[in-house]
Amino acid sequence: MGKLEIYQLRIELAKRRQPEHADAHTKLMGLVPVDDFPYRGSLSGCYPKLLKQPEFCHPSRGRRAQPDAEFLYLIAEVDKFLREINAPPELQLLKYGDITATGDKFWELVHVRGLKAKEEWVPLSTITQGVYGRDPAAGEDPKQQIYWWSDLPLAQENLVRDMRRRGLAKDWFSGRCVVLRCRLTADLVAATQVPSVLDGFASDIFLPTDSELTPPTGQAIDLTADSLKLGAGEFILGPVAASHIEFRFLEVTKAENDAFAAHSGEPAFQERLEKYYRSLL
Amino acid sequence: MSDETEHSPWLLQAKPTADRWRVELDKIVEGSREADLQQFGSPAAYVRSLIFNSCDDSVARALFERTLDRLVASWHPLDWPGFESDPRNLRILQLLAAYTPAGGMAKTLKLLRPLNTYEPRSDELMVPRMKSLALQVMERYFPAEQDPAGAFAEYVEQLELNLANPTYALYAASRLRELRRLRVVSEVRKVAECDLTVLSQLVPVFLSGLAPAEGVRVFSQLRIQFQGAPPAVLAALKEVALSHGLHLDDSPAAPTTQILGTAVTRVSEQYRPAEDNGLRLAKTLFKDTSQRAATETTRVRKDAHSEFPPPVPLKRREGMATQFTATSSGI
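Cut-offs and rules
- Residues numbered from 1 in each chain as written.
- Chains lettered and ligands numbered in written order.
- Predicted model: local features only at pLDDT ≥ 70, side-chain atom pairs only at ≥ 80, totals over all residues.
- Helix = DSSP H or I, 4+ residues; strand = E, 2+ residues; numbered from the N terminus.
- Buried ≥ 20, exposed ≤ 12 C-beta atoms within 10 Å, placed from the backbone.
- Contact = placed C-beta atoms within 7 Å.
- Axes fitted to C-alpha atoms, helices over the stretch in contact; angles between N-to-C directions.
- Parallel < 35°, antiparallel > 145°, perpendicular 65-115°, else oblique.
- Left-handed = near helix turned anticlockwise from the far one by under 90°.
- Nonpolar A, V, L, I, M, F, W, Y, C, P; charged D, E, K, R; others polar.
- Expected span 1.5 Å × (residues − 1).
- Core = buried A, V, L, I, M, F, W, Y, C linked by C-beta atoms within 7 Å.
- pLDDT = per-residue confidence, 0-100.
- Pairing = 2+ DSSP bridges.

A. Region of interest: the overall build of chain A. Of the regular secondary structure elements, chain A holds ten helices and eleven strands. The 281 residues of chain A split such that 52% are buried. Counting contacts in chain A only where the partners sit at least 6 residues apart, residues at least 24 apart contribute 78% of the total.

Written out as structure tokens, the structure reads:
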């Protein structure tokens, strides 16, 4: 079974579980060429076109979630992290170029020379007073301002396992990342949403929740075992004030990343995914 | 499609070949991997993940580097119409910045020259992004003075050009300082007259890390450069001098010093060298505990604000996506 067929299974699931988004979903589907369906490295061709659609990645389409945790966690590549923060002058040069060199440099500057970063949560407000989120004033597309948070804590120990429990495949990761945690205040709780099929449209691996059951959280797919199953809770949030966020750097070796191997493009993995989607229909 | 020519990122990682890398790099440059670049934050981070997850990352890296060399060899950045805002140039620059293949230096310089003289319209957000990226790519090629001498001289020249541009002056000065090529040139006055906030940020770059005698000498040179400048500019210079403990007495009876054959008001007293603060943030971010880190950062920020003027956002030039500032060498 090819990726298109697997994606069609997911669409079928989405129609049953979130019929309210069926029309918008179909519209988005119409923009994706037949041979360009998800799984790492695909869908990219039509991504700019998708971004122009009001239905895609809209920050306020989902239903309100009810997270029951002290913190939510988000994991980002270093370069991605730099793009999302409004850095102070000391870091603006790093950010401005929007390049991996900046990621490398930031990593060296703050992580390697900063030394103790691995063990500590650092308030994001020490490097930015703004929000974690795109700055439209810098030419960034405000439509890309949705961020996937989870209530599953991410720590150095078991990082890879916990990433898989969040539905993050092996190929999503390059070995080093910034983990953010956000303390849930009443305001933030009110702002969290359950990810909809439209939010997850471009995601490689996504499980639509059943609207009728009004679930309090979204649900990732746990990729740790051969048989896929329900994973950690996940939530959508827009940009969050830096004052609510702490961050730290985590790093894993290639061998560690291989421990719970699940490569989104691997045929064996796609079979597992197919089986899982079928079991839910 | 045969297995050899079939392409997907997974195949590239499972069975890497030069051809597959070439296809992948083309897709990155042409914009067919946009969702991945958004997710990873940059082309180079995406490439890093491809290498990291390859069955043999050494082989993958070697093949990638060879393919990038070839890509750069066939890259002619000015050939694309609208090259100054062509996203393909941007993506290649992002790769050069991370991997610095030998052929990329000359090509980047070639691109930088017209970008330095290009005045973007307000809706041309990509142009300043491209220019800053090109500058940073050159920074990666020249972390210090090094061969080839001709390219280095050209790079210094392009940086000096930017001293007259309020948006890039601080960056250019910081880089020149780092390369030990920062000279008091007429562009400094030009830029200060355009935007006074630049002056207050630029002077510390000139003084960073200098011993008192040298600091006084450099400041005196600056003073010479500003002779006859508008009163507001002179007042700003005086203020920034004070922030470094340099009392600039402009009264007719003030003692003077002969610098470069010109009599200038003596600038001495309790000179405080500007801190070479490129790594200040890094130094202060991570202490033994988060609490200490927060306290220390607060203290340093207070210190910074009392010693130097707080970093004031530069006046935004029309067409600039965001300001482009630097505080000193080291970044």
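B. Main features of the overall build of chain B. Of the regular secondary structure elements, chain B holds 16 helices and four strands. Within chain B, the proportion of its 331 residues that are buried is 45%. Once local pairs closer than 6 in sequence are excluded, the contacts in chain B between residues at least 24 apart make up 69%.

C. Quick look at the environment of Pro 87 of chain B. Looking at the secondary structure, you find Pro 87 of chain B in helix α6 (residues 87–99). Placed 58 residues apart in sequence, Pro 87 of chain B and Val 29 of chain B show a C-alpha to C-alpha distance of 8.0 Å.

D. The environment of Ile 205 of chain A, seen in detail. Residue and element names in this part refer to chain A. Here Ile 205 shows up in the loop between β7 (193–194) and β8 (218–222). For the pair Ile 205 and Ile 221, spaced 16 residues apart in sequence, the C-alpha separation works out to 7.4 Å. Among all residues touching Ile 205, those that are not within four sequence positions of it are Gly 167, Ala 169, Ile 221, Ser 264 and Leu 273.

E. Representation of unusual backbone geometry in the model. Cis geometry is adopted by the peptide bond preceding Pro 148 of chain B, which originates at Asp 147 of chain B and carries an omega value of 0°. Relative to the assigned elements, Pro 148 of chain B resides in the loop between α8 (126–141) and α9 (149–162). Notably, Asn 158 of chain A is not glycine yet its phi reads approximately 65°, a positive angle. Among the residues examined, Asn 158 of chain A registers 15 C-beta atoms within 10 Å and is labelled partly exposed.

F. Just the packing of helix α7 (residues 104–117) of chain B against α9 of chain B, in detail. Residues and elements named next belong to chain B. Where α7 meets α9, the closest approach of the two axes is 11 Å, and the angle between their N-to-C directions is 25°. For the element pair α7 / α9, the angle class is roughly parallel. As α7 runs across α9, the sense of the crossing is left-handed. Seen from α7, the contacting residues are Met 105, Ala 106, Leu 109, Leu 112, Arg 113 and Asn 116; seen from α9, they are Ala 151, Glu 154, Tyr 155, Gln 158, Leu 161 and Asn 162.

G. Representation of the packing of α7 of chain B against α8 of chain B within the structure. Residues and elements named next belong to chain B. The interhelical angle for the contact between α7 and α8, taken along N-to-C directions, is 145°, at an axis separation of 9 Å. Crossing of α7 over α8 shows left-handed handedness. Contacts between α7 and α8 involve Met 105, Thr 108, Leu 109, Leu 111, Leu 112 and Leu 115 from the former and Met 130, Lys 131, Ala 134, Leu 135, Val 137, Met 138 and Tyr 141 from the latter. A breakdown of the residues in the contact of α7 with α8 according to their chemical character gives eleven nonpolar, one polar and one charged.

H. Geometry of α6 of chain B. Residue and element names in this part refer to chain B. For α6, which comprises 13 residues, the first-to-last C-alpha distance of 18 Å matches the rise-based estimate of 18 Å (1.5 Å per residue) to within 8%. With ten of 13 residues buried, α6 is to be regarded as a mostly interior element. Taken together, the buried positions of α6 are occupied by Asn 89, Arg 91, Ile 92, Leu 93, Gln 94, Leu 95, Leu 96, Ala 97, Ala 98 and Tyr 99. A positive backbone phi angle near 40° is found at Thr 100, which sits one or two residues after α6.

I. Local environment of the nonpolar core. Counting 70 residues, the largest nonpolar core has Leu 95, Ala 134, Ala 169, Ala 172, Ala 173, Leu 199 and Leu 202 of chain B as the members making the most contacts within it. Every residue in contact with Leu 202 of chain B, bar those within four places of it in the chain, is listed here: Ala 169, Leu 170, Ala 173 and Val 188 of chain B. Core analysis: the next-biggest nonpolar cluster, separate from the first, contains 66 residues, Ala 24, Val 194, Leu 223 and Tyr 277 of chain A among them.

J. The environment of Gly 175 of chain A, seen in detail. Mapping Gly 175 of chain A onto the fold places it in the loop between α7 (159–165) and β6 (176–183). For Gly 175 of chain A, a count of 18 C-beta atoms within 10 Å puts it in the partly exposed group. Setting aside its immediate chain neighbours within four residues, Gly 175 of chain A contacts Glu 251, Val 252, Lys 254 and Asn 257 of chain A together with Phe 52 of chain B.

K. Examining the confidence of the model for chain B more closely. Residues and elements named next belong to chain B. Of the residues in chain B, 73% reach a pLDDT of 70 or more, and the chain-wide mean stands at 75. Helix α16 (residues 290–307) is the least confidently modelled element of chain B, averaging 32 in pLDDT, while helix α5 (residues 57–73) averages 96, the highest of any element. The low-confidence segment residues 258–269 (pLDDT under 50) makes 36 contacts with residues lying over four places distant or belonging to another chain. Below pLDDT 50 for its whole length, residues 276–331 participates in 127 contacts with residues either more than four positions away or in separate chains. Scoring the predicted complex yields pTM 0.81 and, for the interface, ipTM 0.89.

L. Structural detail: helix α4 (residues 43–52) of chain B. Most of α4 of chain B is tucked away: ten of the ten residues are buried. Turning to α4 of chain B, its buried residues number three or more, namely Pro 43, Ala 44, Ala 45, Tyr 46, Val 47, Arg 48, Ser 49, Leu 50, Ile 51 and Phe 52 of chain B.

M. Seen up close, the confidence of the model for chain A. All names here are of chain A. Here chain A shows a mean pLDDT of 81. Residues at 70 or above account for 78%. In the model of chain A, helix α5 (residues 89–96) stands out as the element of lowest mean pLDDT, 45, in contrast to β8, which has the highest, 96. Ignoring residues within four places in sequence, the model shows residues 92–101, a span with pLDDT below 50, making 42 contacts including any to other chains.

N. Geometry of the pairing of strand β9 (residues 229–237) of chain A. Residue and element names in this part refer to chain A. The element β9 is extensively covered by neighbouring structure, given that seven of its nine residues are classed as buried. Bridge analysis of strand β5 (residues 147–150) against β9 gives four bridges, and the strand direction is antiparallel. Its bridge partner lying in β9, Trp 148 is registered against Ile 236. Judged from the four bridges that link them, β8 and β9 form a sheet pairing that is antiparallel. Its bridge partner lying in β9, Gly 218 is registered against Glu 234.

O. Up close: the pairing of β6 of chain A. All names here are of chain A. Within β6, six of the eight residues are buried, which leaves it mostly tucked inside the rest of the structure. Pairing between strand β2 (residues 71–76) and β6: six bridges, direction antiparallel. Its bridge partner being in β6, Ile 75 is matched across the sheet by Val 179. Inspection of the sheet shows β6 paired to strand β11 (residues 245–251) by seven bridges, in the antiparallel sense. Residue pairing across strands places Val 179 opposite Arg 248, the latter belonging to β11.

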